[in-house]
Amino acid sequence: MPAPVPEKPLLRALAGEAVWPPPMWLMRQAGRYLPEYREVRAEAGDFITLCTTPELAAEVTLQPIRRYGMDGAILFSDILMVPWAMGQPLRFAEGEGPVLAPVRDAAAIAALEPGAVLQRAAPIFETVRLTRAMLEAQAPRTTLIGFAGSPFTVACYMVEGRGSRDFATTRGLAYADPGLFGKLIRSLVEATAEYLLAQAAAGAEALMLFDSWAGLLAPSQFRRWVIEPTATLVRLLKKARPDLPVIGFPRLAGPLLAEYAQRTGVQCLGVDTGMDLRWAAGAVQPRQALQGNLDPQALIAGGIALEAEARSILGAMRGRPFIFNLGHGIEKVTPPEHVAALVRLVRAG
């Protein structure tokens, strides 16, 4: 008889179980703060090559699992691989971040090819398959998480053409020409659904939607461009894969987190550093999991500050479905030994 499949703490938490000590993983846990990542990054030569070379991307995904034993392994990729696969020119400039050819008119939107995503992103799905096989052999209790950017946040980069502190051009377009902006959002919903379902078919066991710039929007715009497209996207995912848990992360949503939780259909809410976890717990359903929300700066500081913040989070979340994480991604200056200390703290409950 085949050996029984080990239980996966992260999937249990996503199903609404109050697992203790809580499962944990960290956003950007595979990345520049790890010396082993920097070696692979140098071998790849450029970032897009790294994301689209399955052997290298799978290795990077597994590095923090080998080092720390995290309960979640998140696919190493980037939220801008969807517009890249739709045909929008993209490059990552050293010290500058992503640079794209801006999409700001009907012709530019018409030139996008949502139907090409599955073909162009095929190497990413191969990374998922390879990573899942490696996890089953090396870390069978670890859940593989696929992800994409939520439509609004991806649209921010597509319209702006680069990163921004306020994405004023994108927000202005959404007000000035909601019909045009809505066309871009609908195209992204369609492409993102196919992209995520292909990740699931390749072996991703849970999915996460990153809406990093959701908090820039006024409430009416948040409902229109964050909640409504996310709800549509989740419906498409659930129609095809009703068993697949989805984590939504509407960063800086504030009190609109409650409405997002109720209307989008996600099983788990990612909570940013600025949110009070006790308030968040009272704003969502008891079986709806929360994920978060340690300040990345506390992880950099380490020592007494890190211990105090981690214990505060653990104390607030005991007895409910919860996944320990950061409130934003790991910073590149984070000492790896501080991450190891955090893992020990969380494992001790």
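Details of the structure are given in the entry above.
As the structure is a computational prediction, the values presented were derived from the model and not from experiment.

(A) Spotlight on the overall build of the chain. Scanning the chain from N- to C-terminus turns up 17 helices and nine strands. In terms of overall size, the chain behaves like a compact globule, its C-alpha atoms giving a radius of gyration of 19 Å where 349 residues would be expected to give roughly 20 Å. Overall, the C-alpha framework of the chain stretches about 55 × 45 × 45 Å when taken along its three principal axes. Scored against the burial criterion, the 349 residues of the chain give a buried share of 57%. In the chain, once contacts between residues fewer than 6 apart in sequence are set aside, the share between residues at least 24 apart is 74%. Summed over all atoms, the accessible surface of the chain reaches about 13,900 Å², with 54% contributed by carbon and sulfur. Side chains of the chain carry 35 positive and 33 negative charges; the gap between the two charge centres is 4 Å.

(B) Representation of the packing of helix α11 (residues 178-202) against helix α12 (residues 219-240) within the structure. Running from amino to carboxyl end, α11 crosses α12 at an angle of 30 degrees, the nearest separation of the two axes being 10 Å. The angle between the axes of α11 and α12 places the two elements in the roughly parallel class. For the element pair α11 and α12, the recorded crossing hand is right-handed. For the pair formed by α11 and α12, the contact residues are Pro 178, Phe 181, Gly 182, Ile 185, Val 189, Thr 192, Ala 193, Leu 196 and Leu 197 on the first element and Arg 224, Trp 225, Pro 229, Thr 232, Leu 233, Leu 236, Leu 237 and Ala 240 on the second. For the contact of α11 with α12, the class distribution of residues is 13 nonpolar, three polar and one charged.

(C) Representation of the sheet that holds strand β5 (residues 206-211) in the model. Taken together, the seven strands give an open sheet; going across it, the order is β1-β4-β5-β6-β7-β8-β9, and neighbouring strands pair in parallel fashion. In this open sheet, the two strands that pair with only one neighbour each are β1 (72-74) and β9 (322-326). Across the sheet, the axes of successive neighbouring strands diverge by a mean angle of 25 degrees, strand direction being ignored. In this structure, strand β4 (residues 143-149) lies alongside β5, joined through five bridges in parallel fashion. Directly across from Gly 149, in β5, lies its bridge partner Phe 210. Here helix α16 (residues 303-317) sits on the sheet and contacts β8 (289-294) and β9; the angle it forms with β8, its principal contact strand, is near 165 degrees.

(D) View of the nonpolar core. Phe 324 and Leu 342 are the most contacted members of the largest nonpolar core, which totals 128 residues. For this core, the element with the highest residue contribution is α11, accounting for 13 residues. Discounting chain neighbours no more than four positions away, the residues touching Phe 324 are Pro 22, Pro 23, Met 24, Trp 25, Gly 292, Leu 294, Ala 310, Ile 313, Leu 314, Leu 342 and Val 346.

(E) Structural view of the pattern of salt bridges. Counted according to the given criterion, the structure contains 16 salt bridges. A salt bridge links Arg 141 to Glu 7, with the shortest nitrogen-to-oxygen separation between them at 3.8 Å. Highlighted residues: Arg 141 in the loop between α8 (122-138) and β4 and Glu 7 in the segment before α1 (9-14), separated in sequence by 134 residues. Where Arg 263 meets Glu 259, a salt bridge forms, and the shortest distance between an N and an O atom there is 3.0 Å. Here Glu 259 and Arg 263 lie together in helix α13 (residues 257-264), a separation of four residues that amounts to about one turn. Put simply, Glu 7, Arg 12, Glu 17 and Arg 141 are held in one network by salt bridges that share partners.

The rules behind the values
- Residues numbered from 1 in each chain as written.
- Predicted model: local features only at pLDDT ≥ 70, side-chain atom pairs only at ≥ 80, totals over all residues.
- Heavy atoms only, no water.
- Helix = DSSP H or I, 4+ residues; strand = E, 2+ residues; numbered from the N terminus.
- Rg over C-alpha atoms; globule rule 2.2 N^0.38 Å.
- Buried < 20%, exposed > 50% of the residue type's maximum accessible area, 1.4 Å probe, protein only.
- Contact = heavy atoms within 4.5 Å.
- Areas by Shrake-Rupley, 256 points an atom, 1.4 Å probe, with all protein chains shown as cover.
- Lys, Arg positive; Asp, Glu negative; His and termini not counted.
- Charge placed at Lys NZ, Arg CZ, Asp CG, Glu CD.
- Axes fitted to C-alpha atoms, helices over the stretch in contact; angles between N-to-C directions.
- Parallel < 35°, antiparallel > 145°, perpendicular 65-115°, else oblique.
- Left-handed = near helix turned anticlockwise from the far one by under 90°.
- Nonpolar A, V, L, I, M, F, W, Y, C, P; charged D, E, K, R; others polar.
- Pairing = 2+ DSSP bridges.
- Core = buried A, V, L, I, M, F, W, Y, C linked by side-chain atoms within 4.5 Å.
- Salt bridge = Lys/Arg side-chain N within 4 Å of Asp/Glu carboxyl O.

These results come straight from atomic positions and should not be treated as a statement about function.
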